[in-house]
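# Summary of the model geometry
If you want the building blocks of each chain, they are given just below.
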Amino acid sequence: MIRPVLVRREAPVRGGQPLAFAVGLSVALLLGAVLLLVAGDSPIEVYRRMLSASFGDLEAFSVTLNRAIPLALAGLAVAIAATMGLWNIGAEGQILFGATTAAGIAQAGEGWSGPVLILAMIVGGSIGGALWALGPAAAKAYIGVNEIITTLMLNEIAIRLIRYLINGPWKDPEGYGFVQAPALPEQSFLPNLFQRTHVGLLIAIAVLAVVGLMVSRSSWGYELRVAGSSGATATYAGISLKRKILTVLVLSGAVAGLAGGIELTGNATRLTETVSNGYGFAGIIVAALALMRPSGVAAVAVLFGAVQVGGQSIKAIGVSDAVSTVLQALILFGVIAAGVLIVYRIEMTEPKVRST
Amino acid sequence: MIFGLTFPETAVIGLLFAAIQFGAMIYLASLGEMIAERAGVLNLGVEGMMAMGAVGGFVFAIETGSPWLGLLAAAVIGAAVAMVHGLFAVALGANQVVSGLALTIFGVGLANFWGTDYEGVRPEVQFADVDWGPLSDISWIGRILFQQSPLAYSAVLLGFVTWFVLNRTRGGLALRAAGESAATADAAGHSVLGLRLFAVAIGGAFAGIGGAYLSLSISPGWTVGVVAGRGWIAVALVIFGAWKVRRVALGAFLFGLAMALPNRTESFDLPWDPILWSMLPYILTIAVMIAGALVLRNRPPAAPAALGLPFRREER
């Protein structure tokens with residue numbers, strides 16, 4: 001029987017990751033088109049709308065950038081942890097708790113001036129995210145508890161915490177019986193940079209640059225990468241694995257929480273349990289597509305921002321925005337496959353009788 | 001009254017009934033994940049496979065008028081979705097964590113897309129509870145154990161079958177070998193690729209059935225977010241159960257209890273908001289993981305040795 005077998009190429013295909021990205025993206029769009037056809041929608045119409053809603057003009061692009069901010073930060077959060085071989089699947093929960101902390105600060109600081117309040121909310125969001133990651137970080141560092149599961153469970157807990165707050169202690173007294181958090185004070189709104197992109201863009205760029213340099217250039221980052229590739233080597237070199245795990249996961253949580261704080265002051269009018277909007281999960285895909293490198297996160301985040309903004313726009317023609325979620329996953333699958341095929345080729349062979 | 005809590009009879013019966021119901025649902029998904037992991041494949045796509053099973057099972061049940069056909073469809077769909085992970089993580093040897101997470105996002109997204117037209121459709125077709133005759137009439141036990149959905153009994157049966165196949169057949173031995181030492185299994189003449197793909201497919205089918213349990217029996221109908229993170233609890237349960245059927249079953253009942261309690265806080269006169277109680281299964285998962293890590297600290301790991309490692313013969 002002739003079977004396909006993966007054989008390592010003598011040299012990887014030239015063009016590498018960008019090529020894999022282009023191929024993967026095309027395949028994903030193609031599969032998405034098939035899905036839309038099966039559902040009875042016109043792929044051309046859907047894609048045309050998605051493109052014009054995300055890149056059509058400067059205003060559209062500013063909305064895309066707006067979305068790219070939390071995606072880039074969430075992606076960065078996942079990528080930092082992954083540098084050390086850790087999986088922070090809890091960015092979603094850290095964003096939520098970061099936003100919750102920021103909302104709490106907004107309530108306390110109703111009388112503060114705008115800049116002070118905004119700064120406090122953003123810093124508070126970041127601290128909230130760090131706190132939300134602290135438990136899984138300590139459990140992983142000191143007793144080896146699988147961080148994938150603990151960070152994930154805290155996502156579910158964060159959603160319910162906000163639900164509880166909105167239904168009870170933080171219920172809006174002026175909500176006319178509506179179950180909602182009180183509206184944020186007006187001076188807490190982050191000013192816009194241009195069109196509909198808010199100042200959070202600058203914060204995100206700065207954080208990406210600083211953390212990116214920390215990982216790639218500092219001795220701290222070097223130790224991180226050593227620990228990520230071999231724990232034994234790191235221990236031998238005198239690097240404290242426990243401390244590293246703890247600091248990396250907490251930093252990762254702080255970056256995700258920062259996204260929560262920025263989302264609340266930048267885009268929300270009040271705290272809701274959907275403020276994180278799946279950014280934490282999309283951040284995993286963003287980071288994976290950027291090969292866990294902070295430098296690549298920004299570009300992928302803009303692309304995903306566009307896919308998400310595009311996904312919102314097709315609701316107007318009666319197509320579910322779940323299409324954009326499916327597309328994001330398909331892009332990742334496409335790029336994974338293309339990435340493998342850059343290093344391996346498929347050969348149809350007859351199984352040989354093994355000599356060993 | 002014990003510790004100032006009241007235990008009205010009907011409430012206790014209702015709680016235990018629901019605990020078995022939720023427990024059996026999560027047990028199915030966990031068994032499937034356990035089979036895949038015993039073959040060496042970590043599949044974090046359980047949440048996505050359950051979502052697809054839930055929507056697919058409901059759609060097929062409504063369209064064919066038979067819950068059993070819906071269940072069959074859910075199993076097939078679960079297996080088919082799992083094969084996406086099979087293609088990427090097993091055949092292409094991509095990172096299993098990345099592929100599994102992508103599968104969850106993909107499955108949940110696709111389920112929501114598919115379910116758009118079925119949201120709020122009246123669940124005219126669903127599983128009726130089994131009537132075991134005189135057994136079902138026994139007070140307490142009859143209501144708790146012998147008036148369950150056929151899916152609960154299927155879960156128990158599948159648990160025994162899984163245990164038997166894994167531990168008492170040559171195929172099961174080969175499957176476990178693929179998860180402990182793929183090179184050894186390969187040298188013994190087994191197709192590691194085939195065994196792993198099979199295990200992933202079975203895992204997907206079980207997860208699909210677990211999803212259909214939700215949409216055809218526990219809370220009939222389709223709504224976005226019906227799986228609600230339970231797929232992840234199923235993954236945690238495998239770790240808690242130390243990759244053994246019996247311990248997974250025990251854990252499933254415990255988590256079933258934790259999932260059933262939040263809806264019943266009023267009948268037990270429990271303090272605090274029910275929303276706080278709804279955090280219980282997730283808090284319990286974390287607590288159990290921490291306790292497990294503390295207890296097992298100085299023992300050899302129970303996980304299959306080759307879990308998460310792709311296998312390529314050339315690179316042995």
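Preceding this paragraph is the structure being described.
These numbers were taken from a predicted model, which means no experiment stands behind them. (Residues numbered from 1 in each chain as written. Chains lettered and ligands numbered in written order. Predicted model: local features only at pLDDT ≥ 70, side-chain atom pairs only at ≥ 80, totals over all residues. Heavy atoms only, no water.)

Moving on, we get to the nonpolar core. Leu73, Leu264, Leu271, Leu289 and Phe304 of chain A are the most contacted members of the largest nonpolar core, which totals 220 residues. It is helix H1 (residues 9-38) of chain B that contributes the most residues to this core, 15 residues altogether. Other than its neighbours up to four places away in sequence, Leu264 of chain A contacts Ala99, Ala102, Ala103, Met121, Leu184, Arg270, Leu271 and Val275 of chain A. (Core = buried A, V, L, I, M, F, W, Y, C linked by side-chain atoms within 4.5 Å. Buried < 20%, exposed > 50% of the residue type's maximum accessible area, 1.4 Å probe, protein only. Helix = DSSP H or I, 4+ residues; strand = E, 2+ residues; numbered from the N terminus. Contact = heavy atoms within 4.5 Å.)

When its volume is computed, the largest pocket comes out at roughly 1300 Å³. If you list the elements that add at least two residues to the lining of the largest pocket, you get helix H4 (91-108), helix H6 (147-167), helix H11 (279-289), helix H12 (294-313) and helix H13 (322-343) of chain A together with helix H2 (46-64) and helix H4 (96-115) of chain B. Top contributing element to the lining of the largest pocket by residue count: H6 of chain A, with 6 residues. In terms of residue class, the lining of the largest pocket is made up of 15 nonpolar, 18 polar and 9 charged. (1 Å grid on protein atoms, 1.4 Å probe; cavity = no way out; pocket = protein on both sides within 12 Å on 5 of 7 lines; lining within 4 Å. Points joined across faces, edges and corners; volume = space filled by probe spheres on them. Nonpolar A, V, L, I, M, F, W, Y, C, P; charged D, E, K, R; others polar.)

This next bit is on the interface of chain A and chain B. Listed per partner, the contact involves 46 residues of chain A and 47 residues of chain B. Interface of chain A and chain B: buried area, both sides summed, is about 4000 Å²; carbon and sulfur atoms make up 82% of it. Where chain A touches chain B, the interface holds 2 residue pairs in polar contact (both at pLDDT 80 or more). Those elements giving two or more residues to the side of chain A that touches chain B turn out to be strand S1 (3-8), helix H1 (16-38), helix H5 (114-143), H6, H11 and H13 of chain A. The element best represented in the side of chain A that touches chain B is H6 of chain A, accounting for 13 residues. Per-class residue counts for the side of chain A that touches chain B are 35 nonpolar, 5 polar and 6 charged. (Buried area = accessible area lost by both parts, 1.4 Å probe. Polar contact = N/O pair within 3.5 Å; in protein donor to acceptor, adjacent residues only side chain to side chain.)

Below, the discussion takes up the packing of aromatic side chains. Residue and element names in this part refer to chain B. Across all of its chains, the model carries 9 aromatic pairs over all chains by this definition. The interplanar angle of 85° and the centroid separation of 4.9 Å between the aromatic rings of Trp68 and Phe127 together place this pair among those described as edge-to-face. Here Phe127 lies in the loop between H4 and helix H5 (134-137) and Trp68 lies in helix H3 (residues 67-91), a separation of 59 residues in the sequence. Given the relative accessible area of 48%, Trp68 is considered partly exposed. Cation over ring: Arg143 sits above Phe17, and NZ or CZ is 4.2 Å from the ring centre. (Phe/Tyr/Trp six-rings, centres within 6.5 Å; stacked < 30°, edge-to-face > 60°. Lys NZ or Arg CZ within 6 Å of the ring centre and 35° of its normal.)

When the charged atoms of two side chains with opposite charge come close together, those side chains can pair. All names here are of chain A. In the structure shown here, the tally under the stated rule is 10 salt bridges over all chains. Salt-bridge contacts for Arg49 lead to Glu45; the nearest nitrogen and oxygen are separated by 3.4 Å. Taken as a pair, Arg49 and Glu45 lie in helix H2 (residues 43-55) at a separation of 4 residues, close to a single helical turn. With a closest N to O distance of 3.0 Å, Glu156 and Arg160 form a salt bridge. On the criterion of helical spacing, the pair formed by Glu156 and Arg160 is a turn pair, its members being 4 residues apart in helix H6. (Salt bridge = Lys/Arg side-chain N within 4 Å of Asp/Glu carboxyl O.)

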